[in-house]
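Residues per chain, in single letters:
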Amino acid sequence: MRLSQLFGKTQREIPAEADTISHQLMLRAGMIRQLTAGVYSYLPMALRSLRKIEDIIRDEMNKAGGQEICMPVLQPIELWEKSGRGVSFGKNLFRLFDRKERELALGPTHEEVVTDLIGRSVQSYRDLPLLLYQIQTKFRDEPRPRGGLVRVREFVMKDLYSFDTDASGLDISYQKMVTAYKNIFSRCGLPVIVIEADSGAIGGKDSNEFMAVSEMGEDEIIYCESCSKAANAEKAKSVKAKAGCSAPLPMEEVSTPGYKTIEEVCGYLKINPVNTLKAVFYMADDEFVFVSIRGDVDVNEVKLKNLLHCVDLRLATEAEVAAKGIVAGFASPIGLKGIKIVADESVASGTNFVAGGNKNDAHIKNVNYPRDFKADLIADIALAVAGDACIKCGAKLLATRGVEVGHVFKLGTFLSEKMGAYYIDANGESKPIVMGCYGIGIGRLMAATIEINHDDKGIIWPLSITPYQVYLCPLLVEDERVAEKAESLYKELKNLGMEVLYDDRNESTGVKFNDADLLGIPLRITVSPRSLEKGCIEVKWRSEKKAELFPVEEAVKKIQEMLAGN
RNA sequence: CGGGGCGUAGCGCAGUUGGCAGCGCGCAGCGUUCGGGACGCUGAGGUCGGAGGUUCAAAUCCUCUCGCCCCGACCA
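Residues numbered from 1 in each chain as written. Chains lettered and ligands numbered in written order. Predicted model: local features only at pLDDT ≥ 70, side-chain atom pairs only at ≥ 80, totals over all residues. Heavy atoms only, no water.

1. With respect to the overall build of chain A
Note the cut-off: Numbering of helices and strands runs from the N terminus, with a helix taken as a DSSP run of H or I at least four residues long and a strand as a DSSP run of E at least two residues long. Three labels apply to residues, based on accessible area from a 1.4 Å probe with only protein chains included: buried if under 20% of the type maximum, exposed if over 50%, partly exposed otherwise in between. Throughout, a residue-residue contact means that at least one pair of heavy atoms, one from each residue, lies within 4.5 Å. Calculation of accessible area relied on Shrake-Rupley with a 1.4 Å probe; when residues are assessed, cover is drawn exclusively from the protein chains displayed. The charged-residue count follows a simple rule in which Lys and Arg add positive charge and Asp and Glu add negative charge, with His and chain termini not counted at all. Charged side chains are reduced to one point each, which is NZ for Lys, CZ for Arg, CG for Asp and CD for Glu.
Secondary structure assignment for chain A yields 15 helices and 31 strands. Each of the three principal axes of chain A carries a C-alpha extent, and together these read 95 × 65 × 50 Å. Buried residues in chain A amount to 52% of all 566 residues. Residue pairs in contact within chain A that sit at least 24 positions apart in sequence constitute 70% of those at least 6 positions apart. Of the accessible surface of chain A, which amounts to about 26000 Å², a share of 50% is contributed by carbon and sulfur atoms. Measuring between centres, the 72 positive side-chain charges of chain A sit 1 Å from its 80 negative side-chain charges.

2. Observations regarding the nonpolar core
Worth spelling out the cut-off: Grouping buried Ala, Val, Leu, Ile, Met, Phe, Trp, Tyr and Cys residues that are joined through side-chain atoms within 4.5 Å yields what is termed a nonpolar core. The split into domains, and so the bounds of each, comes from an automatic or database assignment of domains.
Judged by nonpolar contacts, the single largest core of 63 residues is most densely connected at M31, M61, Y181, I184, F185 and M446. Here this core gets 8 residues from one element, more than from any other, and that element is helix α6 (residues 167-187). Looking at which domains feed residues into this core, each of domain 1 (18-73 + 107-217 + 399-450) and domain 3 (468-564) gives three or more. With 25 residues, the next largest nonpolar core counts V114, V122, L132 and M435 among its residues.

3. With respect to the domain arrangement of chain A
Splitting chain A by domain gives domain 1 (18-73 + 107-217 + 399-450), domain 2 (252-379) and domain 3 (468-564). The straight-line distance from the C-alpha centre of domain 2 to that of domain 3 is 68 Å.

4. Let's talk about the protein's contact with RNA strand B
For the record, the criterion: Residues are classed as near a molecule or strand on a simple rule: at least one heavy atom within 4 Å of it. Whenever a nitrogen or oxygen atom comes within 3.5 Å of another N or O atom, the pair is scored as a polar contact, on the condition that within protein one atom can donate a hydrogen and the other can accept it, and that pairs from neighbouring residues in sequence are kept only if both atoms are in side chains. Think of it as three bins: nonpolar holds Ala, Val, Leu, Ile, Met, Phe, Trp, Tyr, Cys and Pro, charged holds Asp, Glu, Lys and Arg, and polar takes everything else, Gly as well.
Taken together, 51 residues form the shell around RNA strand B, and within it E13, T36, T109, D517 and S528 come nearest. Close to the protein, within 4 Å, the atoms of RNA strand B belong to sugar or phosphate groups at a rate of 48%. R28 places a polar side-chain atom, nitrogen or oxygen, 2.9 Å from a base oxygen of RNA strand B. At 2.5 Å from a sugar or linking oxygen of RNA strand B is found a side-chain nitrogen or oxygen belonging to E404. At the level of secondary structure, the elements contributing two or more residues to the surface near RNA strand B comprise β1 (32-36), α8 (301-308), β21 (397-412), α13 (509-519) and α14 (529-533). For the surface near RNA strand B, the per-class residue count stands at 15 nonpolar, 13 polar and 23 charged.

5. Some points on the sheet that holds strand β6 (residues 103-106)
What counts, and what does not: In this scheme, strands are said to pair when DSSP sees at least two bridges between them. Axis definition: a line fitted to C-alpha atoms, limited for helices to the stretch in contact. Angles are taken between N-to-C directions and run from 0 to 180 degrees.
The antiparallel open sheet is built from 3 strands, whose spatial order is β4-β6-β5. Only two strands of the sheet have a single partner each, and these edge strands are β4 (74-76) and β5 (94-97). In this sheet, adjacent strand axes meet at a mean angle of 40 degrees when their direction is disregarded.

6. Re the sheet that holds strand β19 (residues 362-367)
Strand order across the open sheet formed by 3 strands is β13-β19-β18, with antiparallel pairing between neighbours. The strands lining the two open edges of the sheet, one partner per strand, are β13 (252-255) and β18 (353-356). Here the average twist between neighbouring strands, direction ignored, is 35 degrees.

7. What about the pairing of strand β31 (residues 548-551)?
Pairing of strand β30 (residues 536-541) with β31, which is carried by 4 bridges, proceeds in the antiparallel orientation. Each bridged residue has a counterpart across the sheet, and for C536 the counterpart in β31 is P551.

8. Things to note about the packing of aromatic side chains
Our working rule: The criterion for an aromatic pair is that two Phe, Tyr or Trp rings (for Trp, the six-membered ring) have centres within 6.5 Å, with stacked assigned to planes under 30 degrees apart, edge-to-face to planes over 60 apart and tilted to the rest. Sitting over a ring, as applied to charges here, requires NZ of Lys or CZ of Arg to be within 6 Å of the ring centre and within 35 degrees of the ring normal.
Overall, the coordinates contain 11 aromatic pairs when judged by the stated rule. Considering the side-chain rings of F281 and F288, the 6.0 Å spacing of their centres and the 20 degrees angle between planes classify their relative orientation as stacked. Like F281, the residue F288 is buried in the burial classification. Counting every residue linked through ring pairs, the aromatic cluster contains Y181, F185 and F210. The lysine or arginine in question, R48, covers the ring of Y468, its NZ or CZ lying 3.9 Å from the ring centre.

9. Description of the pattern of salt bridges
This is how it is decided: Salt bridge, as applied in this entry: a Lys or Arg side-chain nitrogen positioned within 4 Å of an Asp or Glu carboxyl oxygen.
Counted by the stated rule, this structure contains 42 salt bridges. Where D517 meets R542, a salt bridge forms, and the shortest distance between an N and an O atom there is 3.8 Å. Of this pair, D517 sits in helix α13 while R542 sits in the loop between β30 and β31, and the two are 25 residues apart along the sequence. One network of salt bridges, with partners in common, ties together D59, E60, K63 and R187.

10. Description of the state of the cysteines
Simply put, the disulfide is a covalent bond whose two ends are the sulfur atoms of two cysteines. Cut-off, in case you're wondering: Disulfides are defined as pairs of cysteine sulfur atoms found within 2.5 Å of each other.
Enumeration over the complete set of coordinates arrives at 0 disulfides. No disulfide involves C437; its sulfur sits 18 Å from that of C70, the nearest cysteine. Looking at C437, the relative accessible area reads 3%, which means it is buried.

11. Regarding unusual backbone geometry
The linkage connecting L128 with the following residue, P129, adopts the cis geometry, with an omega of -5 degrees. Structurally, P129 can be placed in the loop between α5 (111-121) and β7 (130-139). Y369 connects to P370 through a cis peptide bond whose omega is 5 degrees. By the secondary structure assignment, P370 is in the loop between β19 and β20 (377-379). Here H309, not a glycine, exhibits a phi torsion of approximately 50 degrees, which is positive. With respect to the secondary-structure elements, H309 resides in the loop between α8 and β16 (313-315).

12. A short note on the environment of D361
Considering the arrangement of structural elements, one finds D361 in the loop between β18 and β19. Here D361 falls in the partly exposed class, since its relative accessible area comes to 34%. Residues D361 and F330, spaced 31 residues apart in sequence, show a C-alpha to C-alpha distance of 7.0 Å. A distance of 2.9 Å separates a polar atom in the side chain of D361 from the backbone nitrogen of G258.

13. Here we look at the packing of helix α1 (residues 21-28) against helix α11 (residues 442-452)
Short version of the rule: In this scheme, roughly parallel covers angles under 35 degrees and roughly antiparallel covers those over 145, while 65 to 115 is roughly perpendicular and the rest are oblique.
Taken N-terminus to C-terminus, the directions of α1 and α11 make an angle of 100 degrees; their axes are 8 Å apart at the nearest point. In terms of orientation, α1 and α11 fall into the roughly perpendicular class. In this structure, α1 contributes I21, S22, L25 and M26 to the contact, and α11 contributes M446, A447, I450 and E451. Taken together, the residues of the contact of α1 with α11 break down into 6 nonpolar, 1 polar and 1 charged.

14. A word on the packing of helix α12 (residues 480-495) against helix α15 (residues 552-564)
The following threshold applies: Handedness of each helix crossing follows the sense of rotation of the near helix against the far helix: counterclockwise by less than a right angle gives left-handed, clockwise gives right-handed.
Between α12 and α15, the shortest axis-to-axis distance is 11 Å and the interhelical angle comes to 35 degrees. With respect to the hand of their crossing, α12 and α15 are arranged in right-handed fashion. Contacts between α12 and α15 involve K485, L489, E492 and L493 on the former and, on the latter, V552, V556 and I559. Across the contact of α12 with α15, the residue classes break down as 5 nonpolar, no polar and 2 charged.

The structure is reproduced here in structure tokens:
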């Protein structure tokens, strides 16, 4: 491709709308254009890379036994009502009406469609297992798209669905996908870590996320260096520091005039937050919930939501709290009636806590669970944080951030039961098909790769997913020797099957080199009067500082070798 | 949905007592340059996000509205 004809110009200045590195670089490199919030056009440079990523994914999916299909984006709303997930996807589901006023959704994912498809096609255990995938556009009306291609409302995803007769079959399918995913990210030049995850609106049991570790990532990862256990913060479990464990004493009211927050009460009573119990109030699908948790621990709302099996969970408003007769700032579950009480396990982690007095300006010392109050539910609903101990090996946990580039789920049978996808087993009995689903966001993968492979000059493409392999850069194209050599090299390299971006523009050296660095093509070939006079051509890796000179007659062979060796 | 910021040329921005809409980059033409974003001359490019209002006069003041970005909530 001649750069003079390439659609998508480079830009010197950083567009104001971008403050994520990958977003800035993609805009400056002329790869993407935004149409509206979270919706982008992909220009040639981006599309070439995306296609290569897709090819790698397709290859690995096929190797793992996947069969490619293509399912509709336009989906009748009844399908979503049938699965019940229209509710859990909520406003993220794009809805529209056809001319007959029939309601449709733009598919945010394809479990419904594929389960419907399978339910109609699969009859016998002999038809299973099955791995079906597609690479297709998804629509999700995200409340806040961000970071360029990191979170968008329209995007291409590879989604594979596995169908097995039983749990052990699912385990095999799941493992195949985990292996394939590791291959994919490794081939794309993107280091990832596999972590435990919550399954969110998808539902199901086991779930793992593939995270590209990066500061700009949206997810917090809690991990253990010594045993390498790692989980999304919304899923992570941890061992909290022990609270005091002296023998239980009788409860005793203390005056705490105006001291409401844990910090204030601790300061006033000269105690540590670990020895207090705090109260947090939620509305779970319109039910008021009183959460009791140790003062030094925060509530993990994902865990709480899963525990309560609710769709919508939010903090209660002051008015809602007051309406329940609760004295905010001095609340505790002691003696509370007619309110659902959920306690975190940490309330049982010690003795003689300080809790609210349920009246103004008073707290109670020496509160002990379960002696002094009961909970309707007690479970681990604590947010794990760096510094807690690993539940597996006891070492101190660390925190980092990551971009979720892939996610795999063991769905089980809840969807097949709802959607009516059954098979007949060897004994002639009807059973629900056991499902798994596995997704990779293609654009996000590309963005994450750039996020990790760049320097202050621009992108540094991994060879496997680069839009072009070679940047052919003649300096001083008005010099006939240079122009002739560059043209002949261009033809020769192309004929050898190389993907060449040929900077045939009559621009100054600085402009050309800076664009070469911005675009990040792995191998740069410079043809200049200076090196031609020595009978040489200069070759340089984008990732290296130093260039190499090769005699003109050997250059093509050397370039071939360099590309082949990487 | 809560908080903050911003909409003026393709991009980055300036533009307050309300009085001819500007600068830099980029773009087009010509010429001189050429190993890390060169220079000169000439030129094109604007419903100042939109609607309404105040005024002799609005990018500027008022009202409404739309959009975009960031933080949070949320989120496969």
